[in-house]
Every structure is written in structure tokens, then in C-alpha cells.
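So the chains spell out like this:
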Amino acid sequence: MDKLQALKDYLQELGSVAVAFSSGVDSTFLLKVAHDTLGDKAIAVTAKSCSFPKRELEEATAFCKAEGIKQVIVESEELSIEGFSHNPKNRCYLCKHELFEKIIAVAKERNLQYVAEGSNMDDNGDYRPGLQAVAELQVKSPLRHVGLTKQEIRDYSHQLGLPTWDKQSFACLSSRFVYGEEITEQKLGMVDKAEQQLLDLGFHQLRVRIHGTIARIEVLPAEFEKLLQHREQIVTAFKNYGFTYVTMDLQGYRMGSMNETLHLKG
């Protein structure tokens, strides 16, 4: 039995689910398979917040409309969570716990048995405090349950004709901040506009990390030359957004680069 069929069988066992849906590669695939398998017993729940770019919310809404999937949008303002804005090491846990509690409430209101989220096997390797909230609140992780990797999810998404099969990996904008640096709505907006600028220029996989008022750009090494070609345009735009210095990370894009300093902190 292939993993796609195993996923369908597992979702059938669950019976009904509210899927935490961000329009990313993983949650789009999970939602599509859940809806194909369970019909109206699978709905999407999307969080609206200042750390979630408008473009992602619009993509999530458009996908649900095109697929005929019921979508519920919940307000999830992370900056109002006690301690979150100070950006502690467990920031992601605080956020996910609050978000999943809201999705659980939505599921109960609609008599859906479970809440499901889209983490995959590759998420087991990095520092992921959000998975602690998943475990504590008994949220289901169907993709991990059947052993799906990121590449397998992309391959199956391609087979299913999903527009996200080659979409860049995304994490909430709060992940662009150094641990311990205060997260503010203004700085989230700076990062959002900066990343949108790079996306508009055609960069595929990227991050703009923020260190005070310094922007540290991560793109794939293959796109270093392109970044330099647009250097003046990027610097001008970033300074207009509020950055003082604009830098390029010579290591290039990598997942969880802000976690590289965790061992240096007490």
C-alpha cells in the first residue's frame, strides 16, 4: 500500500476533521486529501494574524473556494499572548497552543471529531516546540502518522494537480526574529514587505531575517548572482521599509537558521 492510500485510510478512520490550513505545501495537500476522502466532514480553519502574510490568507481562501471546501477564519493575534512578543525559545509553543485551542473550539461547534495539522517526517529533526502543543492537545498529525516526507508530499501534490506542489516552504513571520528580540507589528510588517519584494522579483525560496534594524537575506545559492543584480533596487526598497542595513547571508537559505544559536543561550 502506498502512503497516499494509507493517508486516506487513516483519515477515514478519524471520520471527521478540522484541518489547520495555512495554504502551505503540507496543509494544502492534507486538506485536499481529507476533503476528497471525507467530503463535508473535513473543513479548513485558517488563522488571521499580523504574522501571517495577506498573500497567504488570500491563497488559502481562493483554494477553499475553488475546491468547494468550507473554511472558517479565526482571529489569532499572537502579540496578545502573554510573553509571546518577548520572543522566548518556546514562542512557537505559545502560539500553536493558543491557535489549536481555537481550532478545537471550532471543531466542537461543528461536531467534528478531530483537529489535524500538517507536520511531516522532516519536521522531526529541527527544534519544533510547536509539536509539544500538538501532543498536549491531542491534535492529529496524519502526514507524520503515515510517514510522509516533504518531498513525497510535493510529489503527491504534483500528481493531484495542486498548485502548491513546488511552492516555497513558509513559516510564520515571527520565525524571522532572533530569540529574545521583541516582536512588534511594525517589524513584522517590515519583514512581510521585504519578503514580498523578493518574491515579486522572482526569488523562489527565501527568508528575510531581522536583527534589530538589520535585514539578513537568505536565498538559494543558485540565486546569489540574481540578488546582486537587483542589489540597488533591493537596498532602496528595504531602507524605505525601515531597515538601516541590508545584508546577504553567504550560507544561503536554510530551514530554522535562527535555531543555530540556541546552544549559545542559557
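The present account deals with the structure reproduced in this document. (Residues numbered from 1 in each chain as written. Predicted model: local features only at pLDDT ≥ 70, side-chain atom pairs only at ≥ 80, totals over all residues. Heavy atoms only, no water.)

**Quick look at helix α8 (residues 185-200)**
Selection rule: The secondary structure listing takes helices from DSSP runs of H or I that are at least 4 residues long and strands from runs of E that are at least 2 residues long, numbered from the N terminus. What a helix is expected to span follows from its residue count: subtract one and scale by 1.5 Å. Burial classes follow relative accessibility: with a 1.4 Å probe on protein chains only, a residue under 20% of its type's maximum area counts as buried, one over 50% as exposed, and anything between as partly exposed.
The terminal C-alpha atoms of α8, which comprises 16 residues, lie 22 Å apart, in line with the 22 Å expected from a rise of 1.5 Å per residue. Within α8, the full set of buried residues consists of K187, L188, M190, V191, A194, E195, Q197, L198 and L199. Directly after α8, the chain includes G202, whose backbone phi takes a positive value near 100°.

**Overview of the sheet that holds strand β3 (residues 71-75)**
Stated formally: We treat two strands as partners when DSSP finds at least two bridges between them. In this analysis, axes come from line fits to C-alpha atoms, helices being fitted only over the stretch in contact, and the angle between any two N-to-C directions falls in the range 0 to 180 degrees.
Taken in spatial order, the four strands make up an open sheet running β3-β2-β1-β4, and their pairing is parallel. Edge positions in the sheet fall to β3 and β4 (114-116), since each of these pairs with one other strand and no more. Here the average twist between neighbouring strands, direction ignored, is 30°. Where strand β1 (residues 17-20) lies against strand β2 (residues 42-48), four bridges are found, and the strand directions are parallel.

**Topic: the packing of aromatic side chains**
Where we set the bar: Stacked, tilted and edge-to-face are the three classes assigned to paired rings of Phe, Tyr and Trp, where Trp is represented by its six-membered ring and a pair needs centres within 6.5 Å; plane angles under 30 degrees give stacked, over 60 edge-to-face, the rest tilted. For a ring to carry a charge above it, either NZ of a lysine or CZ of an arginine must fall within 6 Å of the ring centroid while also lying within 35 degrees of the normal to the ring plane.
Taken as a whole and assessed by the stated rule, the structure comprises four aromatic pairs. Consider the rings of F29 and Y156, whose centres lie 6.2 Å apart with planes at 10°: the pair is stacked. Placement of F29 in helix α2 (residues 25-38) and of Y156 in helix α7 (residues 150-159) is noted, with a sequence separation of 127 residues between them. In this structure, F29 and Y156 share a single accessibility class: buried. Ring geometry for F238 against F243: centres 5.8 Å apart, planes inclined by 35°, an arrangement best described as tilted. Here K226 stacks its cationic end above the ring of F203, 4.8 Å away from the centre of that ring.

**A look at the pairing of strand β6 (residues 214-219)**
By the criterion of burial, β6 is predominantly enclosed, with five of the six residues buried. Of the strand pairs in this sheet, strand β5 (residues 206-211) and β6 are connected by six bridges, and their pairing is antiparallel. Pairing of R209 across the sheet is with R216, part of β6. Here β5 folds back onto β6 in antiparallel fashion, the turn holding two residues, of which G212 has a positive phi close to 65°. Pairing analysis gives four bridges linking β6 to strand β7 (residues 245-248), with the strands arranged parallel. The partner of A215 across the bridge, within β7, is V246.

**A word on the pattern of salt bridges**
This is how the line gets drawn: Any carboxyl oxygen of Asp or Glu within 4 Å of a side-chain nitrogen of Lys or Arg constitutes a salt bridge here.
According to the stated counting rule, one finds 19 salt bridges in the structure shown. A salt bridge links K3 to E152; the shortest N-O distance between them is 3.0 Å. In this pair, K3 sits in helix α1 (residues 3-14) while E152 sits in helix α7, placing the two residues 149 residues apart along the sequence. For K3, a relative accessible area of 28% corresponds to the partly exposed category. The partner of K187 in a salt bridge is E181, with the nearest N and O atoms 3.0 Å apart. No difference in accessibility class separates K187 from E181, as the two residues are buried. Bridged by salt links that share partners, the residues R55, E56, E59, K167 and D192 form one connected network.

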